[in-house]
Amino acid sequence: MGIQVEFNPDLALRNISEFENGNRKIEECVPENLEVGKVYPFLKNGQRNYWLLGEIPLIETRGNGKLSRPKASIVLLETTHFIENNTICTKGFYRVDEIFKDTEIQFECFDRVGTRN
């Protein structure tokens, strides 16, 4: 038996309708009206590790690897692992730095487009 840890290059949250339908907690969903500069809480099942020293994409997931294009560029401010109902979870806070309103490519691997030399 080993320690199960997942490394995530992005923050993948559910559509807000999952909260509205009673299927998810609000922290598990992309807020309906994201605002630049605002800080939001997040919650994920599992012990997850994220990059904390720069921007990462905020994406929407429908589960089973079905992911949207980045909806925003965020910076994770804090992450914490904890146990709830005998399940390991990760929670924290992120700040929205930019909201994407088009389908342009915004990230190149782990970097924002235009930041590499």
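This one's a predicted model, so the numbers in the text were calculated from it and none came from an experiment.

**Student:** So, the environment of serine 73: which residues are in play, and what are the values?
**Tutor:** Among the secondary structure elements, serine 73 is positioned in strand E6 (residues 72-84). A residue is classified by how much of its surface remains accessible, and serine 73, at 0% relative accessible area, is buried. Taking C-alpha positions, serine 73 is 8.7 Å from arginine 95, a pair spaced 22 residues apart along the chain. Side chain to side chain, serine 73 and glutamate 55 meet in a polar contact 2.4 Å long.

**Student:** Got a sec to walk through unusual backbone geometry? Specific residues and values, please.
**Tutor:** The backbone of asparagine 64 sits at a positive phi, close to 55°, despite the residue not being glycine. Relative to the elements of secondary structure, asparagine 64 occurs in the loop between strand E5 (55-60) and E6. For asparagine 64, a relative accessible area of 78% corresponds to the exposed category. Even without a glycine there, the phi angle at asparagine 86 is positive, about 65°.

**Student:** Account for the sheet that holds strand E7 (residues 87-99), naming residues and giving values.
**Tutor:** The strand order E2-E5-E6-E7-E3 describes an open sheet built from 5 strands, whose pairing is mixed. Edge positions in the sheet fall to strand E2 (11-13) and strand E3 (39-45), since each of these pairs with one other strand and no more. Adjacent strand axes in the sheet meet at a mean angle of 35°, parallel and antiparallel pairs treated alike. With 3 bridges connecting them, E2 and E5 associate as parallel partners. Each residue of the ladder has a partner; that of alanine 12, found in E5, is isoleucine 59.

Rules of the game
Residues numbered from 1 in each chain as written. Predicted model: local features only at pLDDT ≥ 70, side-chain atom pairs only at ≥ 80, totals over all residues. Heavy atoms only, no water. Helix = DSSP H or I, 4+ residues; strand = E, 2+ residues; numbered from the N terminus. Buried < 20%, exposed > 50% of the residue type's maximum accessible area, 1.4 Å probe, protein only. Polar contact = N/O pair within 3.5 Å; in protein donor to acceptor, adjacent residues only side chain to side chain. Pairing = 2+ DSSP bridges. Axes fitted to C-alpha atoms, helices over the stretch in contact; angles between N-to-C directions.

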